[in-house]
Amino acid sequence: MVKILLVEDNEMNRDMLSRRLEKRGYEVVSATDGLAGVEAAVATKPDLVLMDMSLPVIDGWEATKRIKGNPITAAIPVIALTAHAMAGDREKAIEAGCDDYDTKPIELPGLLDKIARLTGG
């Protein structure tokens, strides 16, 4: 079973996306801030991280840099999730180490395709 770490501070978004992913057979582990997300990535070794970029404690940009900078977690694919669909955000996400990028509100079919591509299934 593919394990996904969902780092999302908005409870409604986290619950909705977790349920939708679990319904499709994914195991979902959650964190509610960037630092907890970095710690959860090390502790749970997920197959993929869905990283909100606007997070408390440390933001998703910094959390992704820390995940990608740690040899234990560097190979874990990260998909940036952001409500701020500004010009240059995709490039900023890739520069931070994200493997892909998606905007909120999430369109599940497109996100599922990205997850499958990055996890090999």
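Residues numbered from 1 in each chain as written. Predicted model: local features only at pLDDT ≥ 70, side-chain atom pairs only at ≥ 80, totals over all residues. Heavy atoms only, no water.

1. Let's talk about the environment of Lys45
The criterion, for reference: Strands here mean DSSP runs of E at least two residues long; helices mean DSSP runs of H or I at least four residues long; both are numbered from the N terminus. Partly exposed residues are those whose accessible area sits between 20% and 50% of the maximum for their type, while under 20% is buried and over 50% is exposed, using a 1.4 Å probe and protein chains only. The contact criterion used is simple: two residues touch if any of their non-hydrogen atoms lie within 4.5 Å. In the analysis that follows, any N or O atom pair within 3.5 Å is treated as a polar contact, provided that within protein one partner can donate a hydrogen and the other can accept it, and provided that, for residues neighboring in sequence, both atoms belong to side chains.
Along the chain, Lys45 turns up in the loop between α2 (34-44) and β3 (48-52). Since its relative accessible area comes to 48%, Lys45 is described here as partly exposed. On a C-alpha basis, the gap between Lys45 and Thr82 in space is 23 Å, while along the polypeptide they are 37 residues apart. Filtering out sequence-adjacent residues up to four positions away, Lys45 remains in contact with Ala40, Ile72 and Ile76. Engagement of the side chain of Lys45 in a polar contact is seen with the backbone oxygen of Val42, the distance being 2.8 Å.

2. A short note on the UniProt feature "modified residue: 4-aspartylphosphate" (unreviewed entry) in the protein
Note the following rule: UniProt positions are given in the numbering used here, feature names are shortened, and annotations may be inferred rather than shown by experiment.
Sites flagged by UniProt as "modified residue: 4-aspartylphosphate" (unreviewed entry) map to Asp52. Tracing the backbone shows Asp52 in strand β3. Setting aside its immediate chain neighbours within four residues, Asp52 contacts Val7, Glu8, Asp9, Gly60, Leu81 and Lys104.

3. What about the packing of helix α1 (residues 11-23) against helix α5 (residues 108-119)?
Quick note on the threshold: Convention adopted: a line fitted to C-alpha atoms gives each axis, helices being fitted over their contacting stretch, and angles between N-to-C directions are expressed from 0 to 180 degrees. Every angle not falling under 35 degrees, over 145, or within 65 to 115 is termed oblique; those three ranges are roughly parallel, roughly antiparallel and roughly perpendicular. The hand of a helix crossing depends on one turn: near helix anticlockwise from the far one by less than a right angle means left-handed, and clockwise means right-handed. Classification used: nonpolar for Ala, Val, Leu, Ile, Met, Phe, Trp, Tyr, Cys and Pro, charged for Asp, Glu, Lys and Arg, polar for all others including Gly.
Look at α1 against α5: their axes get within 12 Å of each other, and the N-to-C directions meet at 60°. If you check the angle between α1 and α5, you find them oblique. Between α1 and α5 lies a crossing of right-handed hand. In contact with Leu17, Arg20 and Leu21 of α1, α5 contributes Leu108, Leu111, Leu112 and Ile115. Among the residues making up the contact of α1 with α5, the classes are represented as six nonpolar, no polar and one charged.

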